[in-house]
Amino acid sequence: MQSMAALLTTQLTHLAPVDILILVLYFVVVIFIGFYVKGSTNTSEEFFLAGREMSAWVAGLSFVSANLGSLELMGWAGASYQYGILAMHWYWIGAIPAMLFLGIVMMPFYYISKTHSVPGYLQLRFGEGSRGLAAVSFGFMTILMSGVNMYAMALVMKVILGWNVSFSIWVGAVTVAIYVMLGGLRSAIINEVLQFVLIWAGAALIPILGLVEAGGWTNLKAQIAHNVGSTDYTHLWSTLGHFRDNPMGVHWTGIVFGLGFVVSFGYWTTDFLVVQRVLSANNLRAAKMAPVIGAAFKMAVPFIVIVPGLLALGIQDPHTHKAIFHLVGENAVDAAHPFSYNEVLPLMLIRYCGPGLLGLGITALVAGFMSGMAGNVSAFSTVWTYDIYGAFINKKASDQHYVAMGRWSTVIGMLVSILTAYLVADAASIMDYVQALFSFFIAPLFGTVVLGMLWKRATKQGGFWGLLVGTAASISMFVYTLRGGSTALSRIALSVDAKPMAETLYRALWSWCICVIVTVVVSYMTKPTPEAQLAGLVYGATPIPDDGAKTLFQKPMFWAVIVITVFFILNIVFF
Amino acid sequence: MAEGTGRGEMLSIWFFVGALTLIYGIVLLPYGAWEWFGGHESPTVLNNLHPTFWWGVLLTLFGGSYTLRYRPRRGDVNKA
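Rules used in this analysis
- Residues numbered from 1 in each chain as written.
- Chains lettered and ligands numbered in written order.
- Predicted model: local features only at pLDDT ≥ 70, side-chain atom pairs only at ≥ 80, totals over all residues.
- Helix = DSSP H or I, 4+ residues; strand = E, 2+ residues; numbered from the N terminus.
- Rg over C-alpha atoms; globule rule 2.2 N^0.38 Å.
- Buried ≥ 20, exposed ≤ 12 C-beta atoms within 10 Å, placed from the backbone.
- Contact = placed C-beta atoms within 7 Å.
- Nonpolar A, V, L, I, M, F, W, Y, C, P; charged D, E, K, R; others polar.
- pLDDT = per-residue confidence, 0-100.
- Axes fitted to C-alpha atoms, helices over the stretch in contact; angles between N-to-C directions.
- Parallel < 35°, antiparallel > 145°, perpendicular 65-115°, else oblique.
- Core = buried A, V, L, I, M, F, W, Y, C linked by C-beta atoms within 7 Å.
- Expected span 1.5 Å × (residues − 1).
- Left-handed = near helix turned anticlockwise from the far one by under 90°.

Draft legend 1. Molecular detail of the overall build of chain A. Across its full length, chain A carries 22 helices and 0 strands. A compact globule built from 575 residues would reach a C-alpha radius of gyration of about 25 Å, and chain A, at 23 Å, matches this within 12%. Projected onto the principal axes, the alpha-carbon positions of chain A cover approximately 75 × 55 × 55 Å. Within chain A, the fraction of its 575 residues that count as buried is 58%. Counted over contacts in chain A with a minimum sequence separation of 6, partners at least 24 positions apart contribute 83%.

Laid out in structure tokens, this is it:
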């Protein structure tokens, strides 16, 4: 994206007064919401967990929206241009089973333990060591991610609209800081629900008009096959029999076990940023239903993310019958190919949306970036206040003191994010490293949490050493691949035909396996935890309370079965 | 009940969703009508379908119905 910004002497488009009006209205509304809910965020429960009074629908939409940042939207739209429909796996098998597992199996433990955070659960189950390790790594990563989001927004605004980078960074940061500092998680959740609606309002016209232009899905598939000379780009599973048979260079085992099991379950069930949204639910049934509702909406997201990338791949000039878009990788951008994959979403927006609709689309992107920052900063302030400051620095402060600390840590978190944004601006490669850093912790953390919830014999020492060794193994494999090049990659991903995407999936799988093995071995070598101490924390030692569902339609399990059935049907349709 | 905004508040989270989309509909609808009937269509692909006008209609209907349904009413303060 850096090279892109440098090459373009003028921006892609400009905003008309009606577009600016739409953008300004959004800023006015979010700032108003911050001031409006401030009166309801006086206690720590209200500030950090939105008073635990959100309905299943609000928590569920916020849960899915927290992951629907613009960085992801633009990145996966670009990936679908690059890899075809395979990118859809990150929205379906890479999300749906894990979201349902969180709702049906894990949520009761998170919810009835009354924990404030995922590191907080680790403290209850495995002690202070595991909590400290998880809290420090999560806090550090979250604040860096907020900075990356901030810089990405600034860069996108510069490329599309020619805005000054510092202007975008400061306007975004100050707005987010104001509404999160005032309203805490409540503000963040309300804005995430608004953002979810805005993303659809701003982006849904692209696939609708695109499919009209292409002449429908069947025609689009034929045009893609004609443009790229292969039918591999429109099949979800049939090309995954061998690494060399598909554009992504992956094997179905990597997609099913690496992505569908470890990466996905790790992210959706242990990343506090998303789990925090569900913890805000007002009762156990709502907490179980929220991820199920989130999963149903998540299945629809590829329509506004993956389809635009496929449209860019397939749309042809009606006279010459040749592809209109010729997008390249970031490093290959030049005068002849001025646009990269990552610009596919804004390019499609400009293709179909004139003044007014363009403003709505840009507002949706800005809302996505800002809610990404807000999500990171609100999760950071919770983990900092509860799991670092409250656990290790000042254990006996009043509730008011912790709320004040939450507000201050929001502001300081934003300032560190701004610093990170400027650091990334100086060295774009930091962005890739920060994103890679997240993958170091997620897979082993899932191993630790799932064993802690489902296996009574797991001990404190087992949990701590499993998490530590699993994380160290993930980092070691990353460094090994970085230094060892394609030979190292082929060893991690088990094939000489494997591509970097496969390495990420297999690295997660191996680090999860290592975490689980170390946890099991160390647990058997150490004294078991008395069962009485595991009540409310572990399956088998905890009577699961009734969630209050009276009829079939009130049961989260019923809706989970509906969602997973639709999931299977969709995978078969696009096989 | 004013869902999602806290105890003692009048405006529900769904009211904000409705109000923002209604405002956008009210902005887009006349602008789209001016483009269509005034011959000022922007040079985008498929502009003959008048997407700004029809999207404005959709947002106005969606936002209007949510705003109406979740409008603050007397005695509707959230006590949850």
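Draft legend 2. Geometry of the overall build of chain B. Scanning chain B from N- to C-terminus turns up 2 helices and 0 strands. For chain B, with 80 residues in total, the buried portion stands at 44%. Taking the contacts inside chain B whose residues are at least 6 apart along the sequence as the reference set, 69% of them involve residues at least 24 apart.

Draft legend 3. Spatial organisation of the interface of chain B and chain A. Listed as interface residues are 29 residues of chain B and, on the opposing side, 33 residues of chain A. Mapped onto the side of chain B that touches chain A, the elements with two or more residues apiece are α1 (13–37) and α2 (51–69) of chain B. Top element by residues in the side of chain B that touches chain A is α1 of chain B. It accounts for 11 residues. For the side of chain B that touches chain A, the class distribution of residues is 16 nonpolar, 10 polar and 3 charged.

Draft legend 4. Broad picture of the confidence of the model for chain A. Looking at chain A, pLDDT values average 89 and 97% of them are 70 or higher. pLDDT under 50 marks residues 1–9 of chain A. Its contacts with residues more than four places away, or in other chains, come to 18 contacts.

Draft legend 5. Spatial organisation of the packing of helix α5 (residues 70–83) of chain A against helix α17 (residues 357–393) of chain A. Residue and element names in this part refer to chain A. Two elements in contact, α5 and α17, have axes separated by 7 Å at closest approach and are oriented at 120°. It follows from the interaxial angle that α5 and α17 lie oblique. Contacts between α5 and α17 involve Ser-70, Leu-71 and Leu-73 from the first element and Leu-365, Gly-368, Phe-369 and Gly-372 from the second. Of the residues belonging to the contact of α5 with α17, the class tally is 4 nonpolar, 3 polar and no charged.

Draft legend 6. Here's a closer look at the environment of Leu-279 of chain A. Residue and element names in this part refer to chain A. Following the sequence through the fold, Leu-279 ends up in helix α13 (residues 272–279). Leu-279 sits in the buried class, given 27 other C-beta atoms within 10 Å. Along the backbone, Leu-279 and Pro-17 are 262 residues apart, and their C-alpha atoms lie at a distance of 41 Å. Residues contacting Leu-279, with those up to four places away along its chain left out, are Leu-49 and Tyr-110.

Draft legend 7. Quick peek at the environment of Leu-20 of chain B. Along the chain, Leu-20 of chain B turns up in helix α1. The spacing of Leu-20 of chain B and Trp-55 of chain B is 35 residues in sequence and 14 Å in space, taken between C-alpha atoms. Residues in contact with Leu-20 of chain B, not counting those within four places in the same chain, are Val-29 and Leu-194 of chain A.

Draft legend 8. Main features of unusual backbone geometry. Non-glycine residue Leu-494 of chain A carries a positive phi angle of around 70°. Along the chain, Leu-494 of chain A turns up in the loop between α20 (460–493) and α21 (500–525). Phi at Leu-46 of chain B takes a positive value of approximately 65°, unusual for a residue other than glycine. One can find Leu-46 of chain B in the loop between α1 and α2. According to the C-beta neighbour criterion, Leu-46 of chain B is partly exposed, with 15 such atoms within 10 Å.

Draft legend 9. Spatial organisation of the nonpolar core. Residue and element names in this part refer to chain A. Core analysis: the biggest nonpolar cluster contains 229 residues, and Val-176, Val-193, Ala-290 and Ala-312 have the highest contact counts within it. Looking at this core element by element, the count peaks at 20 residues for helix α9 (residues 165–203). When sequence neighbours within four positions are dropped, the list of residues in contact with Val-176 reads Met-370, Met-373, Ala-374, Val-377 and Met-414.

Draft legend 10. Spatial organisation of α1 of chain B. All names here are of chain B. For α1, with 25 residues, the first-to-last C-alpha span of 36 Å sits near the 36 Å given by 1.5 Å per residue. Extensive coverage of α1 is indicated by the burial of 18 of its 25 residues. Immediately beyond the C-terminal end of α1, within one or two residues, lies Gly-39, with a positive phi of roughly 70°.

Draft legend 11. Representation of α5 of chain A within the structure. All names here are of chain A. Relative to the 20 Å expected for 14 residues at 1.5 Å per residue, α5 spans 19 Å between its end C-alpha atoms, a close match to the ideal helical length. Most of α5 is tucked away: 12 of the 14 residues are buried. Taken together, the buried positions of α5 are occupied by Ser-70, Leu-71, Leu-73, Met-74, Trp-76, Ala-77, Gly-78, Ala-79, Ser-80, Tyr-81, Gln-82 and Tyr-83. Where α5 is buried, its residues touch α8 (128–161), α15 (302–314), α16 (344–352) and α17. With its phi angle positive at about 80°, Gly-84 sits one or two positions after the end of α5.

Draft legend 12. Spatial organisation of the confidence of the model for chain B. Averaged over every residue, the pLDDT of chain B is 87; the share at 70 or more is 81%. This complex was scored by the predictor with a pTM of 0.90 and an ipTM of 0.91.

Draft legend 13. Seen up close, the packing of helix α2 (residues 17–37) of chain A against α17 of chain A. Residue and element names in this part refer to chain A. Relative to each other, α2 and α17 sit at 30°, their axes nearing to 8 Å. Overall, the two elements α2 and α17 adopt an arrangement that is roughly parallel. Crossing handedness for the pair α2 and α17: right-handed. Packed against α2, whose contacting residues are Val-18, Asp-19, Ile-20, Ile-22, Leu-23 and Tyr-26, the element α17 presents Leu-358, Gly-359, Leu-360, Ile-362, Thr-363, Val-366 and Ala-367 at the interface.

Draft legend 14. Local environment of the environment of Tyr-110 of chain A. Residue and element names in this part refer to chain A. Position of Tyr-110 among the secondary structure elements: in helix α6 (residues 96–112). Of the residues examined, Tyr-110 has 23 C-beta atoms within 10 Å and is grouped as buried. Sequence-wise, Tyr-110 and Ala-134 are 24 residues apart; in three dimensions their C-alpha atoms are separated by 16 Å. Contacts of Tyr-110, omitting those with residues within four sequence positions, involve Thr-115, Tyr-121, Val-275 and Leu-279.

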